[in-house]
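Tertiary structure, described
So you can see what is in the structure, the chains are spelled out below.
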Amino acid sequence: MTHRVRTFGGVTVTDAAGIPVSSIERQRRVLALLALLAVAGERGLTRDKIVGYLWPESDAERARHSLTQALYAARRLLGADDLFDAGPVVHLNPRAIGSDVADLEAALDAGDAERALAIYTGPFLDGFFVAGAAEFEQWVTVQRARLEERVVRAGTAAADREAAAGATRSALALRRRLVEVRPHDSALATALVAALADAGDRAEALRVAQVHEALLREQFEIAPDLAFFDAVRRARNSTTAAAAPSATFDHARPVPTERDAPRASVLARSHRIVRRSVIGIAAAALVIGIGGLAAVGLERADGTGAAPSPSTARTFLVAPFNVAGASRSLAFLRRGMPELLTPRLDDDSNHWAGTAGDSRLWRMLPADTAPPSRATMLRVAREAGARWVAAGNVVGGSDHIVIEASLVNVASGDVRTTERVEGSADSLSRLVDAVAVRLLVSAAGDDRALVDHPPNSLTALRAYLAAQAAYRASNFATARDGYARALEYDSTFAPAALRLALTTERLRGRLDAEPAVMTAWKARRMLGPTDDARLAALAGPRFPAPSPAGAQLDAWQRVVRLQPSRADAWFDFASHLFYEGDLLGVPGALERARTAVERALVLDPNDVAARALALELRIRAIDDGRERGDVEALEAQADSLGVFALPTRWHLAQLQGDSDELHVLRDTLPALDHMTLRSIVMASVFGQIGLDDGWRAASWLRRRSRTLTERVDAELATHSVALNSGRVSDALAATTRLSQLRPDSHAYLRLRVLDALYASGDSAAADSAAQALASEAALPALEIPWARRAQASDACVVAQWRLAHGDTTGVARTVALLRAAPLGSDLPPVSASPIACAGLLDAMLAVQLHARNADDRLAALDSLLFTGVTAGNAASYVYIALARLHQRTGDANGALTAIRRRPFLSGWAPYLTAAWLEESRLADAVGDGARARAAYARYSRASGER
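Residues numbered from 1 in each chain as written. Predicted model: local features only at pLDDT ≥ 70, side-chain atom pairs only at ≥ 80, totals over all residues. Heavy atoms only, no water.

Regarding the sheet that holds strand 2 (residues 12-14)
Rule in force here: Paired strands, as defined in this entry, are two strands with at least two bridges between them according to DSSP. Segments assigned H or I by DSSP are reported as helices when at least four residues long, segments assigned E as strands when at least two residues long, and all are numbered from the N terminus. For every element, the axis is a line fit to its C-alpha atoms; helices are fit only across the contacting stretch, and the angle between N-to-C directions ranges from 0 to 180 degrees.
With mixed pairing, the three strands of this open sheet are ordered in space as 2-1-6. Here the strands that pair on one side only, and so sit at the sheet edges, are strand 2 and strand 6 (97-99). Across the sheet, the axes of successive neighbouring strands diverge by a mean angle of 25°, strand direction being ignored. Pairing of strand 1 (residues 3-6) with strand 6, which is carried by three bridges, proceeds in the parallel orientation. The partner of His3 across the bridge, within strand 6, is Ile97.

With respect to the pattern of salt bridges
Condition: Any Lys or Arg side-chain nitrogen located within 4 Å of an Asp or Glu carboxyl oxygen qualifies as a salt bridge. Buried means the residue's accessible area, taken with a 1.4 Å probe over protein chains only, is under 20% of the maximum for its type, while exposed means over 50%, and partly exposed covers the values in between.
In the structure shown here, the tally under the stated rule is 39 salt bridges. Across the pair Glu148 and Arg182 runs a salt bridge whose closest N-O atoms are separated by 2.6 Å. Of this pair, Glu148 sits in helix 6 (residues 134-164) while Arg182 sits in the loop between helix 7 (168-181) and helix 8 (186-198), and the two are 34 residues apart along the sequence. Note on Arg182: relative accessible area 8%, which makes it buried. Of the charged contacts, one joins Arg182 and Glu149 as a salt bridge, the two residues approaching to 2.9 Å between their closest N and O atoms. Of this pair, Arg182 sits in the loop between helix 7 and helix 8 while Glu149 sits in helix 6, and the two are 33 residues apart along the sequence. Each of Glu148, Glu149, Arg153, Arg182 and Asp185 takes part in a single network of salt bridges with overlapping partners.

Describing the packing of helix 32 (residues 728-741) against helix 33 (residues 747-758)
We count it as follows: Angles below 35 degrees are treated as roughly parallel, those above 145 as roughly antiparallel, those between 65 and 115 as roughly perpendicular, and all remaining angles as oblique. Note on definitions: a residue-residue contact is assigned when non-hydrogen atoms from the two residues lie within 4.5 Å. Residue classes follow a fixed rule: Ala, Val, Leu, Ile, Met, Phe, Trp, Tyr, Cys and Pro count as nonpolar, while Asp, Glu, Lys and Arg count as charged, and any other residue, Gly among them, counts as polar.
Taken N-terminus to C-terminus, the directions of helix 32 and helix 33 make an angle of 160°; their axes are 8 Å apart at the nearest point. As far as their axial angle goes, helix 33 and helix 32 are roughly antiparallel. Residues Leu732, Thr735, Thr736, Leu738 and Ser739 of helix 32 touch helix 33, and the partners they reach there are Ala747, Tyr748, Leu751 and Arg752. Its residues placed into classes, the contact of helix 32 with helix 33 shows five nonpolar, three polar and one charged.

Focus on empty space enclosed by the protein
For clarity, the threshold we go by: Detection works on a 1 Å grid of protein atoms alone, calling trapped sets that fit a 1.4 Å probe cavities and calling open sets with protein on both sides within 12 Å along at least five of seven lines pockets, with lining residues defined by an atom within 4 Å of a point. Grid points are joined across faces, edges and corners, and a volume is the space filled by probe spheres set on the points.
Enumeration over the complete set of coordinates arrives at eleven cavities of 30 Å³ or more. Looking at the largest cavity, its volume works out to about 110 Å³. Taken together, 15 residues make up the lining of the largest cavity; nearest its centre are Glu505, Arg506, Phe571, Ser575 and Tyr579. Contributing elements (two or more residues each) for the lining of the largest cavity: helix 19 (494-506), helix 23 (567-584) and helix 25 (608-623). Looking at which element gives the most residues to the lining of the largest cavity, the answer is helix 23, with six residues.

What about the layout of surface pockets?
Empty space among the atoms can be located by rolling a probe the size of a water molecule over them. Looking at the second largest pocket, its volume works out to about 1,100 Å³. Lining the second largest pocket are 42 residues; nearest its centre among them are Asp582, Arg620, Asp624, Arg900 and Trp916. Residue assignment for the lining of the second largest pocket shows that the elements contributing at least two residues are helix 23, helix 24 (589-603), helix 25, helix 27 (645-656), helix 29 (674-687), helix 41 (892-900), helix 42 (912-925) and helix 43 (929-943). Here the residues of the lining of the second largest pocket sort into 20 nonpolar, eight polar and 14 charged.

Structural notes on the state of the cysteines
Counted only if it meets this: Note on terminology: disulfide denotes any pair of cysteine sulfur atoms within 2.5 Å.
Throughout the structure, instances matching the rule amount to one disulfide. Shown here is the disulfide that connects Cys796 with Cys837, its sulfur atoms set 2.0 Å apart. Between Cys796 and Cys837, the S-S torsion sits near 100°, and that sign places the bridge as right-handed. Pair noted here: Cys796 is in helix 35 (residues 785-804) and Cys837 is in helix 37 (residues 834-848), with a separation of 41 residues, a long-range link.

A few points about the environment of Leu538
Mapped onto the elements of the fold, Leu538 is located in helix 21 (residues 529-539). Look past the residues within four positions of Leu538 in its chain and what remains in contact with it is Leu498, Ala501, Leu502, Glu505, Val517, Trp556, His576 and Val869.

Some thoughts on the packing of aromatic side chains
What counts is decided by this rule: Centres within 6.5 Å make a pair out of two Phe, Tyr or Trp rings, where for Trp the six-membered ring is used; the pair is then stacked when the planes are under 30 degrees apart, edge-to-face when over 60, and tilted otherwise. The rule for a charge over a ring is simple: NZ of Lys or CZ of Arg within 6 Å of the ring centre, and within 35 degrees of the ring normal.
Tallying each qualifying case throughout the model produces 17 aromatic pairs. Ring centres 6.2 Å apart and planes at 85° place the aromatic pair Phe128 and Phe136 in the edge-to-face group. On the basis of relative accessible area, Phe136 is assigned to the buried category, the value being 0%. Aromatic side chains Phe578 and Phe904 sit 5.4 Å apart centroid to centroid with 85° between the ring planes, which places their arrangement in the edge-to-face category. Here Phe578 is found in helix 23, whereas its partner Phe904 is found in the loop between helix 41 and helix 42, with 326 residues between them in sequence. Like Phe578, the residue Phe904 is buried in the burial classification. Through successive ring pairs, a cluster of aromatic residues spans Phe8, Tyr53, Tyr120, Phe124, Phe128, Phe136 and Trp139. Positioned above the aromatic ring of Phe904, the side-chain terminus of Arg620 is 3.9 Å from the ring centre. Directly above the ring of Trp700 sits Arg703, whose terminal nitrogen or CZ lies 4.0 Å from the centroid.

The structure is reproduced here in structure tokens:
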């Protein structure tokens, strides 16, 4: 036996020395053929069966030819003429090649579970798919589930036998391995937790339980079943606090009982459904694809004007390539290039191999004739409803080939681009990928930097380019979803992450942009110079630490200097002046924002978001008393703002006191979408107007929320409205509901403490929450990044509580913990950035201890820009904390300046009403009566709506 096919955890072929054969890595159909035959074993597969799996949409003659080519390619690439027994039924020759799947089946048949688990290194063909071969993908899904189920059943039976025989160590080893094989299975996790507890390792049992619950909640938004919590409860009841380092299962949290059984059983059923279908769903998503560039139907060449049907319309048509002068071994590429390029250019689910034009022309061409003329290609492309036609040349030999491809606009007949790639003949698949990237980017008219740093997945690229098209058409919600889908296929795709963050901001979900910013920052080497400058401006030049306000402003000014003719660059600059003008402390920030957005509208008058921002700038100026305006004229403008229309109309009606309009708008609340409801809640909080309407909108937002993330966000919105309008008990109730949604995150405990520190929150609830957080923060840190960030978030709030009560115990140690916390985009809800909190606590401690350099440390902190991206939840209260520090040092003017440096329409801001009252007192203390009265009027306007 000279070679082996390895199918678990991916697919590779190794030689006799166990070294992967690199020349076959990108030959997907050849690898798929080997996997099919490995599973078939001695039975083999008929040729018809194989072509049905791998070439389901090709005609019989072409499919059989493709199979012959694949068999030949496998023999050539592996240097083994005897690789197959290839008669009517095709087998792998066991003397030439073996497979891990055959070894696994043999071990299972022999009852050797330990050997089977050792062979099973991951899901069958994990991450492997073949474009345009849906039958094969379905076969993979079935085999993947079958093999995993056999392994799990055999391993479970073996673990039970070992446990019954008293072989505790081997039973535990088997149960650990089973949890690795199926990490989302609560039954397996429960068995391991119980076995660890029975073996006396309670701390490890609770750690395993914590990791499992966090995994289910984060990835599937479900909870483990009732049996799991029973096992956890038994483990906890038989251990001491010191031996149980768990940040999830605290004693204050009720473990489900029989009374909760109906809900628990529903969750258990949901978990089983997810567990059984998740692999199939993932595989189906790869086959179905995510959408490519939208196909544009063109007038038919026969003059009928009929648009192609959805089943035949496409974006790209690939014509046969010219291979004259190339090695005879490459002759198959003449008609093979359409097969190779088409699924790469068009969405795999729309892979088109049988429309009238394709069947009538390409298949009829003899192998030795010249490629069709441009006129012929254009005619066929119009009949197919294609927007672009690609054709070109292949030259070279068996060692080195050159592919040249041109992209022709079907409507005009003009050549958009001609791309050229070259390399080893063994890297054909990689070369075709490179051609596809260049043609896709050129067709979309997108940034050529994508050619130099393409994503790892062409599906990700197609989703990204489709999102770009939606963004340019001002379909921001569609664009946001497209960028998110691109990241699902390639989590390191920095351009998609950057634009997801920018688009999320356009939809006024600025706090939601934080994870995307972190993702883009980690992979920023993929960005071109202008995008890199944009990311530095969005995140701050010193990200992940907050940047000085001046440096942040310079970063945005650099973006518009680099792209003075880009409307979106001017819009983003205006947007940040609008949202962060007070934070920046820049004189005339709003006037500069208006100038910038007007420039954006000159460059692109149809930008709906820019028109909405221009109108909001007018409304804010009227609301602040800086100018007067014709509200009725503004209402007429609002009607043309698409998704931004209703929140803007509501804001104008509030300013005008138009009860009739408000009554109409209130009646529409039940029918409004999630984004519009969210915008109304945010406008009510930040404008300190219509908080009763904000309360109503938040109630509907809670009812409309579907995912766990949306439900958490809705509770934070409800909490913010409640606290700003003096509904303290309602704010506390929101934290209680939050505890039921995310007990593992401790967000509800942190909120209760912060509410008492920076507003009029329930002090008794805060004291109890602070004690619970202190207990959790004191436990040994788990070596899991997410858990360490959660623990750092707890420690941040506990330290603030202690300092507020004159206790400096452990604060310096907390600062060190925060500075050492791992970075990540998955901060729990209501979490401060560890770096930002470390700086805040350091200044607080210095002022508390009257350190010699306290003023310098406070001044350094005061110069920074605390946005949601760099500070997380701390952005909602840091300005109050800074004002108090200035007061303690006797700097009343500094305190007044600090209290006014707060974000606008950014995240949930539960402490704004308290801040207005504080600002009124500070302004009165420095003798600024006008400002004191204006601030108190804002406070009264909000607190009067109780």
